[in-house]
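Chain by chain, the residues run as shown.
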Amino acid sequence: MEMQGERLIEASRNEVWTALNDPEVLKSCIPGCEEMEKTSATEFTATVVQKVGPVKARFKGAVELSDIVPGESYTISGEGKGGAAGFARGGAKVTLADQDGGTLLSYAAEARVGGKLAQLGNRLINGFAKKVAADFFDRFQAVVQGDTPEAEKADADAAEGGDAPPEEQKKGWLKRMIS
Amino acid sequence: MPKDQGIGASSKRREDVRFLTGKGQYTDDINRPGQTYAYFLRSNVAHGKINGIDTSAAASAPGVVGIFTAKDLEAAGGVPCGWQVTDKHGEPMKEPKHPILAEGKVCHVGDPIAAVIAESLNQARDAAELIDLDIEELPPVIDMRAAISGGPTVHDEAPDNICFDWDFIADNKEAVDQAIAGAHHVTTLTLTNNRLVANAVEPRCAIGEYDAARDEHTLYTTSQNPHVIRLLMGAFVLSIPEHKLRVVAPDVGGGFGSKIYHYAEEAFVTWAAKAVGRPIKWTADRSESFMSDAQGRDHQTKVELALDENGKFLALRCETLANMGAYLSTFAPCVPTYLHGTLLSGNYTTPVIHTNVKAVFTNTVPVDAYRGAGRPEATFQLERTIDKAAREMGIDPVELRKRNFIAPDAFPYQTPVAVQYDTGNYGATMDKAVAMADLDSYAARKTASEAKGKRRGLGIASYIEACGIAPSSLVGALGARAGLYEAATVRVNPTGNVAVMTGSHSHGQGHETTFAQVVAEMLGCDEANVDIVHGDTAKIPFGMGTYGSRSIAVGGSAIVRSVEKIIEKGKKIAAHLMEAAEADVTFADGQFSVAGTDKSVDWGTVALTAYVPHNFPHETLEPGLEETSFYDPANFTYPAGAYICEVEVDADTGKVDIASFVAADDFGNVINPMIVEGQVHGGLTQGLGQALLENCVYDENGQLVSASLMDYAMPRADDMPSFGVDHSCQTPCTHNPLGVKGCGEAGAIGSPPALVNAVVDALSDLGVTHIDMPVSPGRVWAAIQAAQN
């Protein structure tokens, strides 16, 4: 599935670009991201907890930045393996342009799932992927603009019961029911 | 006055006592001492190269007993296919290896890659999550047309993804082409027979056990044919001789074809039980069933029917793409060929017929026989096309069929597609269905529907099927790698009660009741004195199993033959007891009598004497009263009938409601009318489920997206009308001793075209000429919009 969107961010293009390349910013903006480590200039490893319909899983995988045109655009892509839940893959081409009042960030994202996620969650995947993409850029906008309270709110929304310790989440009853 | 027992009585199903009180003994109910649990790590991708499998972390996980991959199974064979089709060039079909665990590549979502055995199922699952798979994803091929048009290759052995390209009957091709070219009218229809998932209520399960002291293997499994599994697995996969391998298929909760086949999981638990030295249980969960049970149907067909100005059928040409999935399942090649091409004459006198079938490999779950198997596909093609022809030519659909029916005095009737129908009366079942459906008042019902804002449609369909599978010489010539006879042993115990060991497995059909009725009728005894034993290779002499509506026609006939031998033996014993000539002894109502005298001995005396003889002439009369028969049918049986469906369609939403459905079937003689009616109800519901609701869907990446009962719509009671069922039109089979034809699949064969014909009828004035199954609201609505634009 493919998704597009844009955000007008009240910050300079340079500020937005810097944030787009900051692992701490990315970590706080990727919904459900528990860990993120930079392994090279353009690569990160990440652990993300996501819940799609009845399937909740911890995805471990890699995030990569490519097609980098400094200050203008890049593609951020990731692939995560969720064990018995299957896999998720996605990417977004992000483009920045100067605009009155700040920087216009446009994105064209696509996502793909496999395994149990596709089998049980397919009806929900389109809506889910749109929500994840929108959440990411909402948070990003909030972080860059310094509206942290909203980012935290979005994080709480996305995690949905995310205050349980990770191990308990993994062994949640729902996952046992559907796995 | 209906009989209260024996042939023709609606005896209550004795097996229901245990099924309805929770006392059934299914495979998963069995637990063996020291049992472990297997979990299969399956492919998440439809097509990929396995670059590495790292099981080291998983191996040290809590509770793990063993982890196995393909390299551990190098000595084992692949899962074999039971049929070979020879293509139009005289070449055998392409038969790529179907390994127990994936060897170097994965070919569909659900392909098993590794198996983890642990003390508990949850430990096995948790350990499987620690297996590090390095799979390089390859582009998959899902669509059959893409597969044969240069799409990615599933198996190197079949670079064009064609398993076989089959012409039937090749010699008819020219005549068919000429007839179509010169015909007054040709009706053409392109259609899809949707892919289905059987979804038996009991998922598959297998327990492997090995007794090292005796070097004996036991497999408990959810199978429709335990002897076939023993033969295929023992001889071709694991090299275990029969005397060291017992296969038990206890109570089985529905099969519908999907439990005929030999599956990798059965072979694995049998093999691994020896490797780990403990029993191993594997039970599929529902999601796993969706991606590991063989699926059904999935044909794409173009049909051309040539007619003269009076509507007489002149020729039929069909071209089909049949999806095999990623590997050849046990029966897969025969479904689109010998169970499909041979039925294209239907109930009609079409003089020349030609079909081409291309069997196609795709990166999807293997496809095999599903209730009806090939015959529903043939019937749907024919009956949809005839319906379209009737509309195009302005001939009533009942009348058009009647003009082309094989006349009742034309039997035996040799069709142009290899089979010879022994008996039938298709006009009689059609007349019966028309009367049951009360077509005289259809116009009033249509008006009443319109008053409610609904469109009413009327759908007619006839069907014929080839059942009683199968005459061994014929199917051998057609490529079956085994004969399809059936075996039965009848053992009379010393006090006169009877045990029948039959190779026909019962998994919902009610054999334990029906077969006892046959034996009781022949022996003049109470049904309660007859016990039916099935499902265990240690107890049964042999068995080819239950499928293709064969149990009563073939398995029942084997029982009849054995009972006949028992009666002959009983006559010898009675003659000895009465000091009479054997030729003078008659048997009736449980008494052996000497003709023309008042001398007689009863059944119990003969049975007891058989086991406690004191002065038998041992040269000519052995003790004991037990006989075995192997019955090989001379021909298929040909159940046939006519079905009429009325629907109401809401044109605003596309929702179809089945207003009424009547079925007039000719099953030949009927043993238990109540059980037959139940079989028809089940068949109709499965057929109507296919037509209205069910659809197995893969996305373009080969992900199975209809893999739960939330996404795959099974029919429910409130989707179905109250069926009108009749089986009073009876033309008994001429070549089996019971005159029976079989009833298990009929409903699933005849009902889909009846329903779709009705929906198209309701919408025909809007310009709708065809809707592919399932006729879901979205498809119906879209068809209406497309026709109007």
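Residues numbered from 1 in each chain as written. Chains lettered and ligands numbered in written order. Predicted model: local features only at pLDDT ≥ 70, side-chain atom pairs only at ≥ 80, totals over all residues.

A few words now on the overall build of chain A. A count of helical and extended segments in chain A gives 6 helices and 7 strands. When the elements of chain A are put in sequence order from the N terminus, they spell out β-α-α-β-β-β-β-β-β-α-α-α-α. Burial analysis of chain A (179 residues in total) assigns 39% to the buried set. Within chain A, residue pairs in contact and separated by at least 24 positions form 53% of the contacts whose partners lie at least 6 positions apart. (Helix = DSSP H or I, 4+ residues; strand = E, 2+ residues; numbered from the N terminus. Buried ≥ 20, exposed ≤ 12 C-beta atoms within 10 Å, placed from the backbone. Contact = placed C-beta atoms within 7 Å.)

Scanning chain B from N- to C-terminus turns up 19 helices and 28 strands. In terms of overall size, chain B behaves like a compact globule, its C-alpha atoms giving a radius of gyration of 27 Å where 789 residues would be expected to give roughly 28 Å. Viewed in the frame of its principal axes, chain B has a C-alpha envelope of about 90 × 75 × 50 Å. Relative to its full complement of 789 residues, chain B shows a buried share of 58%. (Rg over C-alpha atoms; globule rule 2.2 N^0.38 Å.)

Right, let's get into the nonpolar core. Grouped together as the largest cluster of nonpolar side chains are 293 residues, with contacts concentrated most on B:Val116, B:Val519, B:Leu755 and B:Val759. Among the elements that take part in this core, helix 3 (residues 116-145) of chain A stands out by supplying 14 residues, more than any other. Every residue in contact with B:Val519, bar those within four places of it in the chain, is listed here: B:Val498, B:Val500, B:Val530, B:Ile559 and B:Val563. (Core = buried A, V, L, I, M, F, W, Y, C linked by C-beta atoms within 7 Å.)

Moving on, we get to the interface of chain B and chain A. The interface is formed by 14 residues belonging to chain B together with 14 residues belonging to chain A. Broken down by secondary-structure element, the contributors of at least two residues to the side of chain B that touches chain A are helix 3 (121-129) and helix 8 (286-292) of chain B. Of the residues in the side of chain B that touches chain A, the class split is 5 nonpolar, 5 polar and 4 charged. (Nonpolar A, V, L, I, M, F, W, Y, C, P; charged D, E, K, R; others polar.)

Looking now at the domain arrangement of chain B. Residues and elements named next belong to chain B. Under the domain assignment, chain B is made up of domain 1 (16-21 + 485-631), domain 2 (31-138 + 201-254 + 259-292) and domain 3 (296-470 + 635-788). Contacts between the two partners involve 23 residues from domain 2 and, on the opposite side, 23 residues from domain 3. Split into classes, the residues belonging to the side of domain 2 that touches domain 3 amount to 12 nonpolar, 8 polar and 3 charged. (Domains from an automatic or database assignment.)

Residues and elements named next belong to chain B. Spatially, 18-26-27-28 is the arrangement adopted by the 4 strands of the open sheet, whose pairing is mixed. The strands lining the two open edges of the sheet, one partner per strand, are strand 18 (455-464) and strand 28 (724-726). Geometrically, the sheet is characterised by an average inter-axis angle of 15° between neighbouring strands, direction not taken into account. As paired strands, strand 26 (residues 640-650) and strand 27 (residues 655-666) are joined by 11 bridges and run antiparallel to one another. Note on strand 27: the bridge partner recorded for Val 647 is Ile 658. The sheet contacts of helix 17 (residues 673-692) involve strand 27 and strand 28, and relative to strand 27 the element is tilted by about 140°. (Pairing = 2+ DSSP bridges. Axes fitted to C-alpha atoms, helices over the stretch in contact; angles between N-to-C directions.)

Turning our eyes to something else, we now look at the pairing of strand 10 (residues 216-221) of chain B. Residue and element names in this part refer to chain B. Among the 6 residues that make up strand 10, 5 are buried, leaving the element largely enclosed by the rest of the structure. Where strand 9 (residues 205-211) meets strand 10, 6 bridges bridge the pair, whose relative direction is antiparallel. Bridge pairing links Gly 208 to Leu 219 in strand 10. Hairpin connection of strand 9 to strand 10: 4 residues between the antiparallel strands, including Asp 215 at a positive phi of 55°. Judged from the 4 bridges that link them, strand 10 and strand 11 (residues 245-248) form a sheet pairing that is parallel. Each residue of the ladder has a partner; that of Thr 218, found in strand 11, is Arg 246. Taken together, strand 10, helix 6 (residues 226-237) and strand 11 constitute a β-α-β crossover, and its handedness is right-handed. (Right-handed = clockwise from strand over helix to strand, strands pointing away.)

The next thing to look at is the pairing of strand 7 (residues 102-114) of chain A. Pairing of strand 1 (residues 2-9) of chain A with strand 7 of chain A, which is carried by 8 bridges, proceeds in the antiparallel orientation. Each residue of the ladder has a partner; that of A:Glu2, found in strand 7 of chain A, is A:Glu110.

Interpretation of this model should avoid reading the predicted coordinates in detail wherever pLDDT is low. All names here are of chain A. Residue-level pLDDT values for chain A average 80, and 81% of them are 70 or greater. When mean pLDDT is taken per element in chain A, helix 1 (residues 13-20) scores highest with 93 and helix 6 (residues 173-178) scores lowest with 40. With pLDDT under 50 throughout, residues 156-179 is counted as low confidence; its partners more than four residues away or in other chains account for 20 contacts. (pLDDT = per-residue confidence, 0-100.)

All right, on to the environment of B:Cys81 then. With respect to the helices and strands, the residue B:Cys81 is situated in the loop between strand 3 (64-68) and strand 4 (105-106). Separated by 441 residues in the primary sequence, B:Cys81 and B:Met522 have C-alpha atoms spaced 39 Å apart.

It is worth spelling out the sheet that holds strand 12 (residues 280-283) of chain B at this point. Residue and element names in this part refer to chain B. Strand order in the open sheet formed by 7 strands is 3-5-1-12-9-10-11, and the pairing between neighbours is mixed. The sheet terminates laterally at strand 3 and strand 11, the two strands that pair on one side only. For this sheet, the mean inter-axis angle between neighbouring strands, taken without regard to orientation, is 20°. Both strand 1 (residues 36-42) and strand 5 (residues 112-118) contribute to a ladder of 6 bridges, which runs antiparallel. Note that in strand 5 the partner of Ala 38 across the bridge is Ile 117. Of the strands in this sheet, strand 10 and strand 11 are in contact with helix 6, which crosses strand 11 at around 145°. Along the sheet, helix 7 (residues 264-276) contacts strand 1, strand 3, strand 5, strand 9, strand 10 and strand 12; its crossing angle with strand 9, the most-contacted strand, is approximately 30°.

For the rest of this paragraph, the subject is the environment of A:Gly115. With respect to the helices, strands and loops of the structure, A:Gly115 is situated in the loop between strand 7 and helix 3. Separated by 66 residues in the primary sequence, A:Gly115 and A:Val49 place their C-alpha atoms 17 Å from one another. Discounting residues that sit within four places of it in the chain, A:Gly115 has contacts with A:Ala85, A:Gly86, A:Phe87 and B:Asn44.

All names here are of chain B. Looking at the secondary structure, you find Arg 278 in the loop between helix 7 and strand 12. Residue Arg 278 is classed as buried on the basis of its C-beta count, with 20 C-beta atoms lying within 10 Å. Taking the C-alpha atoms as reference points, Arg 278 and Gly 510, separated by 232 residues in sequence, lie 35 Å from one another. Excluding residues within four positions of it along the chain, Arg 278 makes contact with Gly 34, Gln 35, Thr 36, Val 65 and Ala 273.

With that settled, the discussion passes to helix 3 of chain B. Those residues of helix 3 of chain B that fall on the buried side of the exposure criterion are B:Gln123, B:Ala124, B:Asp126, B:Ala127, B:Ala128 and B:Glu129. Residues of helix 3 of chain B that are buried make contact with strand 1, helix 2 (56-59), strand 3 and strand 5 of chain B.

Residues and elements named next belong to chain B. Spanning 13 residues, helix 7 covers 18 Å between terminal C-alpha atoms, matching the ideal 18 Å at 1.5 Å per step. Among the residues of helix 7, Ala 264, Glu 265, Glu 266, Ala 267, Phe 268, Val 269, Thr 270, Trp 271, Ala 272 and Ala 273 are the ones counted as buried. Phi turns positive, to about 75°, at Gly 277, one or two residues after helix 7. (Expected span 1.5 Å × (residues − 1).)

This part is about the confidence of the model for chain B. Considering every residue of chain B, the mean pLDDT works out to 96; 100% of them sit at 70 or more. Here the predicted complex carries an ipTM of 0.75, next to a pTM of 0.93.

Working note: non-glycine residues mostly have negative phi, and peptide bonds are mostly trans. Residue and element names in this part refer to chain B. The step from Phe 411 to Pro 412 runs through a cis peptide bond, and the omega angle for that step is -5°. Position of Pro 412 among the secondary structure elements: in the loop between helix 10 (397-404) and strand 16 (413-414). Residue Pro 774 follows Met 773 across a cis peptide bond; omega there is -5°. The residue Asn 199 is not glycine, and still its phi comes out positive at about 55°. Mapped onto the elements of the fold, Asn 199 is located in the loop between strand 8 (185-196) and strand 9. Residue Asn 199 is classed as partly exposed on the basis of its C-beta count, with 19 C-beta atoms lying within 10 Å. The backbone of Asp 438 sits at a positive phi, close to 50°, despite the residue not being glycine.

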